[in-house]
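# A look at the structure
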Amino acid sequence: MRCKDLGIVLTEEQIRQFEIYYNHMIEKNKVMNLTTITQPMEVVEKHYLDSLLVVRHVDLSREISILDMGTGAGFPGIPLKIVFPYLRVTLADSLNKRILFLDEVIDACGLTGIDTVHGRAEDLGRNKNDREQYDLVVSRAVANLSTLSEYCLPLVREGGLFISYKSAEIEEELRTAQKAIRLLGGTKSRVEKDTIPGTALERSFVIIQKSQKTPAKFPRKAGMPGKEPII
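Residues numbered from 1 in each chain as written. Predicted model: local features only at pLDDT ≥ 70, side-chain atom pairs only at ≥ 80, totals over all residues. Heavy atoms only, no water.

## Describing the overall build of the protein
Of regular secondary structure, the protein possesses 9 helices and 7 strands. The C-alpha radius of gyration of the protein comes to 17 Å, within 12% of the 17 Å expected for a compact globule of 231 residues. Expressed along its principal axes, the backbone C-alpha trace of the protein runs to roughly 45 × 35 × 30 Å. The burial tally for the protein puts 55% of its 231 residues in the buried class. The long-range fraction of contacts in the protein, counting pairs at least 24 apart against all pairs at least 6 apart in sequence, stands at 72%. In the form shown here, the protein has an accessible surface area of approximately 10,600 Å², with 50% of it arising from carbon and sulfur atoms. Taken as two groups, the 32 positive and 31 negative side-chain charges of the protein have centres that lie 6 Å from each other. (Helix = DSSP H or I, 4+ residues; strand = E, 2+ residues; numbered from the N terminus. Rg over C-alpha atoms; globule rule 2.2 N^0.38 Å. Buried < 20%, exposed > 50% of the residue type's maximum accessible area, 1.4 Å probe, protein only. Contact = heavy atoms within 4.5 Å. Areas by Shrake-Rupley, 256 points an atom, 1.4 Å probe, with all protein chains shown as cover. Lys, Arg positive; Asp, Glu negative; His and termini not counted. Charge placed at Lys NZ, Arg CZ, Asp CG, Glu CD.)

## Some words on the environment of Thr147
Tracing the backbone through its elements, the reader meets Thr147 in helix H6 (residues 145–152). Taking C-alpha positions, Thr147 is 36 Å from Val9, a pair spaced 138 residues apart along the chain. The contacts of Thr147, once residues within four sequence positions are left out, are Pro225, Gly226 and Pro229. Only 2.8 Å separates the side chain of Thr147 from the backbone oxygen of Pro225, close enough to count as a polar contact. (Polar contact = N/O pair within 3.5 Å; in protein donor to acceptor, adjacent residues only side chain to side chain.)

## A few points about helix H4 (residues 96–109)
For H4, spanning 14 residues, the distance from its first C-alpha to its last is 20 Å, which sits close to the expected 20 Å at 1.5 Å a residue. For H4, the elements touching its buried residues are helix H1 (12–28), helix H3 (77–83), strand E2 (88–93) and strand E3 (114–118). In the segment just after H4, Gly110 is the residue with positive phi, at about 70°. (Expected span 1.5 Å × (residues − 1).)

As structure tokens, this is what we get:
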């Protein structure tokens, strides 16, 4: 699976788990929209390897808590959990049908130390069980960075990180999001660019460190971060 290019050597059990994951996803995709990417090699490249590419840019060698916001079909959270089983992973999504699918995958793969949560980001950010509880929040969700920051930074503990998976050109979007990042407690932000092993597919990671608590008024009520991003 070209994981060796990321410094990852998969065990037979991990390969089996990725195969189970793929089979469940393709079968469920027949009755609900999980992904438009269905060919085995494309799934490996555009879902599995893309999810794991972040290991080049953040230390995942120890047990930390990770929230995957807007996880969809489980990316990047499930690939990260399969490869690094000691991580404590939470998969969050607003569509309950996807959560039920993810629960099936978790059970079929025999994964432990991984939970799912059904809810909108704005509601989770105000829930005491989730607000500022995670060492790392990741998201491959499609939204502008100002909106994503309001979704995700309230969930990151002080000293933790928010990492947004973005397409190659992100500098202008990051510049526009600086006010939101600052208001939400983020300080240092940087862009790390990379290429998925064995492909020409480019990925940018926006890595934001959180050094202050998020003010109580954020996140705003459901729908507001998307309709009226902080700029």
